[in-house]
Structures are given as C-alpha cells and as structure tokens.
Amino acid sequence: MTPLNRHGLRFAFGTLTALPVRLSRWDRGTARAGMLCAPLAGLVVGLLAALPGVLLLLGGAGPLAAAVASAALPAALTRGLHLDGLADTADGLGSARPAADALRIMKQSDIGPFGVITLLFVLLAQVAALFELYGRGWADGALGTVAAAVTARVALTLASRRGVPPARPEGLGAAVAGTVPPLGAVAVACAAVAGCAAAGLTLGPGGALRQALAVLAGLLAAQVMLRHCVRRFGGVTGDVFGAVEETAATAALLVLATG
C-alpha cells in the first residue's frame, strides 16, 4: 500500500466515521484517495451495525429491536454527522430562499421544521425496512445493513467526482468536491454492486439480484438528490454529502424490503 493510500484510508475513516483514526494529511490528493476508499469505511460501519441486530434477533428480542439497533449504530458511529447534514439540507431546500440565504440557513446550528420532519420519516423508513429484513432472518437483516452502509459511501464517492462544484470555498464539501476521477468513481460503484451481489448469493440467486438492484437504486436516488442540490445551491457542501449518504442508504433498504 502506497503512503497516499494509507493517508487516504485515514482520511476516509477519520472524516466519515467516529472511529479513533487520526488524520495525518489534509490535501486534495489525500481527499481523492480517501473518497475512493469511502466504501471501505461503509463496509466497517455496516458490519459493526449488523452485529447487535443479529445478536438481538438470535437472542429472541425480535426483529423490531434488531432493526432499531442496526439503524441506530451507524448514527452513533458517525456522531450523527450524516443525519445532521440531511436535516440541514432539508431546511435549506424547504426554505425556498435564494441559494446564498439557503446556505446560511443550513449553516445555523439549530434544526428547523423541515429538518425534523425529514429526519423522522427517514429514520422510520430505515427501521421499517430493517424490520422487514430481520423478519425474514438474521442473514437478510445483516446483509441489508451492510449493503445500505456500503451504498451510502459509494454515493459519496460519486458525489466527489470531477464536475461537481463546491457551494462554498471552505469546509469538507470544498475539500473533497471534484477530487475523484469519473472513471475511478464508476469503477468503485461497479465493484460495490458486484461485491454486494456476491454476498447476496448466500441467500440464493434471487438474493444476489436483490442486492445488486438495491445498490443501483440507492445510487440512483442519491444522484437525483445530488443534482437537485447542485442546481439549488450551486454546488455541494458537507451537509449535502450527508443528505446524499442518507438518501442512498434509505433507498437501498426500501428496495431490499420490497423484495
């Protein structure tokens, strides 16, 4: 592993998780490597989130408790960073203000009504989908949890590709915006689809197809959100990245839950 890749891994885990990883470099090259490594951070978060859900289900707690645990742990492992970004983005989009005013609203520390409502329904959707998956068995629930976490971070890789501008000259959005080559982003997305489909084979051919479709649906939903935010705000911010991530995870879970 090259020094840049090592720094990139630290960047991915240090910025996208609350795991105790110290950032050793902060530059465009490291940001590019870090966003290409983002799905690995998602894989670790997904595995850690699936563990309590599986243990609760096997311990007889039932699929609802398992679903809540697997939905709550990713928030804890990111200190609620992505959910906060989702809420702030919802407030900005819901304000119907010009881009500069909307960005100012998003930067405020409080959460408005649009943010609260969005958080409520997104978390309810995630728990409901995981409840359905854990109701089918621990393997479905675990694979769904991991697939959603990986899909969410691949969406961040795609959102960091060249051609997507930052909305502000500072912040995490500006640090990573436009750093990832488009071909590199597509390669990461293809690898994630193939990896999740391979994992889904443990549930049979139908499981592999569902996993692949869930990842693709999550990435498509995230791209729709990304395009709308770029059009509305003039670019991406750290909050937009959070909204893109949660959109991808929720869409992937809902597709898996519908079968």
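Keep in mind that what you see is a predicted model, and the values were worked out from it rather than measured.

Asker: Where do I start with the overall build of the protein in this structure?
Answerer: Each helix and strand in the protein was counted, giving twelve helices and zero strands. For the protein, the sequential pattern of α-helices and β-strands runs α-α-α-α-α-α-α-α-α-α-α-α. A compact globule built from 259 residues would reach a C-alpha radius of gyration of about 18 Å, and the protein, at 17 Å, matches this within 12%. Principal axes of the C-alpha set define a box for the protein whose edges measure 50 × 45 × 30 Å. A total of 259 residues make up the protein; the buried ones form 52% of that total. Relative to all contacts within the protein whose residues are 6 or more apart in sequence, the contacts with residues 24 or more apart total 73%. Separation of charge centres in the protein, based on 19 positive and 12 negative side chains, amounts to 10 Å.

Asker: Hey, could you run me through the side chain of R153 in this one?
Answerer: Residue position: R153 is located in helix 8 (residues 138-159). A distance of 2.9 Å separates the side chain of R153 from the side chain of E245, its partner in a polar contact. When near neighbours in sequence (up to four residues on either side) are disregarded, R153 contacts L16, A38, P39, G42, V45, T78, H82 and E245.

Asker: Sorry, what's going on with the nonpolar core here?
Answerer: Among soluble globular proteins, nonpolar side chains are generally buried collectively. Grouped together as the largest cluster of nonpolar side chains are 60 residues, with contacts concentrated most on V154 and V240. Beyond its immediate chain neighbours, meaning those up to four positions away, V154 contacts P39, V188, A189, A192 and L219. Counting residues in hydrophobic clusters, the runner-up holds six residues, among them L86, A87, L119 and V122.

Asker: Quick question: what am I supposed to make of the packing of helix 5 (residues 81-94) against helix 12 (residues 238-258) here?
Answerer: For any two helices packed against each other, the geometry is given by the interaxial angle and the distance between the axes. Two elements in contact, helix 5 and helix 12, have axes whose closest approach is 7 Å; the angle formed by their N-to-C orientations is 105 degrees. Considered as vectors, helix 5 and helix 12 are oriented roughly perpendicular to each other. Of helix 12, the residues touching helix 5 (which contributes H82, L83, D84, G85, L86, D88 and T89) are D239, V240, G242, A243, E245 and E246. For the contact of helix 5 with helix 12, the class distribution of residues is four nonpolar, four polar and five charged.

Asker: I tried to follow a nonpolar patch on the surface on my own but got confused; where do I start?
Answerer: Taken together, the side chains of I117, L120, F121 and L124 define a hydrophobic patch exposed on the protein surface, amounting to about 410 Å² of accessible area. Its location among the elements puts L124 in helix 7 (residues 113-136). What makes L124 partly exposed here is its relative accessible area of 48%.

Asker: Even after reading the chapter, I still don't get the confidence of the model for the protein, so can you show me in this structure?
Answerer: Regions with low pLDDT should not have their predicted coordinates read in detail. Of all residues in the protein, 98% have pLDDT values of 70 or greater, and the mean over the chain is 92. For the protein, per-element mean pLDDT is lowest for helix 1 (residues 3-16), which scores 82, and highest for helix 8, which scores 97.

Asker: How should I be thinking about the environment of L93 in this particular structure?
Answerer: By the element assignment, L93 lies in helix 5. Here the alpha-carbon distance between L93 and A66, two residues 27 residues apart in the chain, equals 33 Å. In contact with L93, other than residues within four places in its own chain, are M225, H228, C229, R232 and F233.

Asker: How should I be thinking about helix 12 in this particular structure?
Answerer: Every α-helix carries 3.6 residues per turn, so stepping three or four residues along brings you back to the same face. Counted at 1.5 Å a residue, the expected span for helix 12 with its 21 residues is 30 Å, and the 31 Å between its end C-alpha atoms agrees. Counting buried positions over the 21 residues of helix 12 gives 17, a clear majority of the element. In this structure T237 caps helix 12, since a side-chain oxygen of it lies 3.2 Å from the backbone nitrogen of D239.

Asker: Help me understand the packing of helix 5 against helix 7, please; the structure alone is not making it clear to me.
Answerer: With their axes 7 Å apart at the nearest point, helix 5 and helix 7 run at an angle of 130 degrees to one another. In terms of axis orientation, helix 5 runs oblique to helix 7. The two elements helix 5 and helix 7 meet at a crossing, and its hand is right-handed. Here L83, L86, A87, A90, D91 and G94 of helix 5 lie close against helix 7, whose contacting residues are P113, F114, G115, T118, L119, V122 and L123. Grouping the amino acids of the contact of helix 5 with helix 7 by side-chain chemistry returns nine nonpolar, three polar and one charged.

Parameters at a glance
- Residue numbers restart at each chain and count upward from 1, following the sequence in its written direction.
- A pLDDT threshold of at least 70 governs which residues receive local features in this predicted model, and a stricter bar of 80 or more applies before side-chain atom pairs are shown or counted, although totals over entire chains, interfaces and linings include all residues.
- Heavy atoms from the whole structure form the basis of all side-chain values; hydrogens and water molecules are not counted.
- Helix and strand assignments follow DSSP, with helices taken as H or I runs no shorter than four residues and strands as E runs no shorter than two, numbered in order from the N terminus.
- The globule rule used here is 2.2 Å times the number of residues to the 0.38 power, and the radius of gyration it is set against is calculated over C-alpha atoms.
- Each residue is placed in one exposure class: buried if its accessible area under a 1.4 Å probe, protein chains only, is under 20% of its type's maximum, exposed if it is over 50%, and partly exposed if it falls in between.
- Any pair of residues with heavy atoms lying within 4.5 Å of one another is described as a contacting pair.
- Charge assignment: positive for Lys and Arg, negative for Asp and Glu; neither His nor the chain ends contribute.
- Every charge is mapped onto a representative atom, which is NZ of Lys, CZ of Arg, CG of Asp or CD of Glu.
- In protein, a polar contact means a hydrogen-donor-capable atom and an acceptor-capable atom, both N or O and within 3.5 Å, with residues adjacent in sequence counting only if both atoms are side-chain atoms; elsewhere, any N or O pair within 3.5 Å suffices.
- Take the buried residues of types Ala, Val, Leu, Ile, Met, Phe, Trp, Tyr and Cys, join any two whose side-chain atoms come within 4.5 Å, and each joined set is a nonpolar core.
- Whenever a helix is involved, its axis is fitted only over the stretch in contact; in every case the axis is a line through C-alpha atoms, and angles between N-to-C directions fall within 0 to 180 degrees.
- Roughly parallel refers to an angle under 35 degrees, roughly antiparallel to one over 145, roughly perpendicular to one between 65 and 115, and oblique to any angle outside these ranges.
- The nonpolar class holds Ala, Val, Leu, Ile, Met, Phe, Trp, Tyr, Cys and Pro. Asp, Glu, Lys and Arg form the charged class, and all remaining residues, Gly among them, are polar.
- Here a patch means residues that are over 30% exposed by relative accessible area and free of salt bridges, tied together within 9 Å if like-charged and within 5 Å if nonpolar (Val, Leu, Ile, Met, Phe, Trp, Tyr).
- In short, Shrake-Rupley with a 1.4 Å probe defines the accessible areas, and a residue's cover is counted only from the protein chains shown.
- The salt bridge definition used is simple: a Lys or Arg side-chain nitrogen within 4 Å of an Asp or Glu carboxyl oxygen.
- The score called pLDDT rates the predictor's confidence residue by residue, from a low of 0 to a high of 100.
- Helix span, expected: 1.5 Å multiplied by one less than the number of residues in the helix.
- When the near helix sits turned anticlockwise from the far one by under a right angle, the crossing is termed left-handed; a clockwise turn instead gives a right-handed crossing.

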